[in-house]
Amino acid sequence: MPHPNDPSLRSFIEVDPASDFPIQNLPYGVFSTARNPTPRGGVAIGNYVLDLWELEQDSRLDVGPLGVFSGPSLNPFMALGPKVWTGTRARISELLRHDHPELRDNEELRKQALVPMREVILHLPFAVSGYTDFYSSKEHATNVGVMFRGKDNALQPNWLHMPIGYNGRASTVVVSGTKVKRPRGQLKPPNAEVPSFGPCKRLDFELEMGVVVGQPSAMGGMLTEQQAEEMIFGFVLLNDWSARDIQQWEYVPLGPFLAKAFATSISPWVVTREALEPFRLKGPTQEPEPLDYLKQAKPQNYDLELDVSLHGAGANAPAGISRTNFKYMYWSSVQQLMHHASSGCAMNVGDLLGSGTISGPEKNQRGSLLEISWNGTEPVELPGGVKRSFLEDGDSIVMRGWCQGNGYRVGFGEVEGTIVPAE
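Only a predicted model underlies this, so the values are computations on that prediction, with no experimental measurement involved.

Description of the packing of aromatic side chains
Part 1: With the rule as written, the count across this model stands at twelve aromatic pairs.
Part 2: Cluster of aromatic residues (ring-pair linked, three or more members): Tyr28, Phe69, Phe77, Trp85 and Phe233.

Next up, the structure:
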């Protein structure tokens, strides 16, 4: 049987070469329809969603206990482990191949199992057990450090020795398309003697990738590179919304809290680690050399293009404001997971790890408005004469990501969020 990543594979479903969802991708999600409002597992293929619960019921897909894909999250499937993930993806690929008649020639099953994308409602794809956000782009950390501490003290002394992160809130991770209410909090501008309470005035986005942990680790243990890699089920696009003015006042001495707890948006499709395998590459040289428990023997970064557009309220059209690549990350997702567990911290099925804001070396590759507008001193010009330093009510941010293959792309769709006023 051909490997699901084989570039020569074709589906009996016509897929545009520019589509994010060719047969080489097969990302997992959770969906419902007006006719069948019960959320269930599916896979994106071209402009369709393949209903995995229908295939289970028809005995075309056997992943173990019947009903793994019948519920509102992918967690039961992820819990079955990497061998089942690989076997299931191979079977789905076989069923969708242009030269395999089993589904192609079964008109009744096709009608039941293939749902046009325009008819589906996409849900949060997995139940988020815990959420941790990292700070792993050297370019982003340097930009922020220069802004607030000066060029000579841009990176804190610990930054080059370990992935820096903080524990966020799983309770406010939402799926793409969910409106984001402007947060409220304590504000203390530099010229104010005492803080006040009110809506955030410096609201920002952060362009990130999210790692979806599909296997648990034991409390008290550590992870090898291979173990950490095998625990990663897949990746999502992630926008970790940030209230810069609330954070500026609250973060000393313990770091981000409410400024990063009000909303985190993720894409509805989880692209598997296996689908990204052809796009692996070595990350930036790490100097000084990491401590032994963080060393990597394999390339653990990905050549993954990322794009951000902003449709400002009052603007005629959206405008591209950033174009960067996941390959620039200094600390890889595998290193983040190894570090997370190194103290003995137990990881759970459904844990989400944010990469941290992804910025590149060029000005047009900055992954937040804080950097793009250089803390408000260089406002972004949008169509229709609209300018932005930070996000206003009614503004919409859309992030897209994809890996470009030869004649196909493995993409994530998009993660979108629109800002609505604070109550």
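That was the structure; now back to the text.
Re helix H6 (residues 138-149)
Part 1: Taking 1.5 Å per residue as the helical rise, H6 with its twelve residues ought to reach 16 Å, and the 15 Å between its terminal C-alpha atoms agrees with that figure.
Part 2: Listed in full, the buried residues belonging to H6 are His140, Ala141, Asn143, Val144, Gly145 and Met147.
Part 3: Here the buried face of H6 lies against helix H10 (369-372).
Part 4: Just past H6, the residue Gly150 takes up positive phi, approximately 95 degrees.

Remarks on the UniProt feature "binding site: Ca(2+)" (unreviewed entry) in the chain
Part 1: The UniProt feature table records "binding site: Ca(2+)" (unreviewed entry) at Asp133, Glu206, Glu208 and Asp240. The greatest C-alpha distance among the residues just named is 11.0 Å, despite their covering 108 residues of sequence, which places them together in space.
Part 2: Topologically, Asp133 is positioned in strand E6 (residues 131-134).
Part 3: For Asp133, the contacting residues outside a window of four places in its chain are Ile164, Gly165, Tyr166, Glu206, Glu208, Asp240, Lys260, Gly354 and Gly356.
Part 4: A polar contact of 3.5 Å, which involves the side chain of Asp133, links it to the side chain of Tyr131.
Part 5: You can see Asp240 is positioned in the loop between strand E14 (232-239) and strand E15 (242-243).
Part 6: Discounting residues that sit within four places of it in the chain, Asp240 has contacts with Tyr131, Asp133, Tyr166, Phe205, Glu206, Glu208, Lys260, Ala263 and Thr264.

Each value, and the rule that gives it
Residues numbered from 1 in each chain as written. Predicted model: local features only at pLDDT ≥ 70, side-chain atom pairs only at ≥ 80, totals over all residues. Heavy atoms only, no water. Phe/Tyr/Trp six-rings, centres within 6.5 Å; stacked < 30°, edge-to-face > 60°. Helix = DSSP H or I, 4+ residues; strand = E, 2+ residues; numbered from the N terminus. Expected span 1.5 Å × (residues − 1). Buried < 20%, exposed > 50% of the residue type's maximum accessible area, 1.4 Å probe, protein only. Contact = heavy atoms within 4.5 Å. UniProt positions renumbered as here; feature names shortened; annotations may be inferred. Polar contact = N/O pair within 3.5 Å; in protein donor to acceptor, adjacent residues only side chain to side chain.

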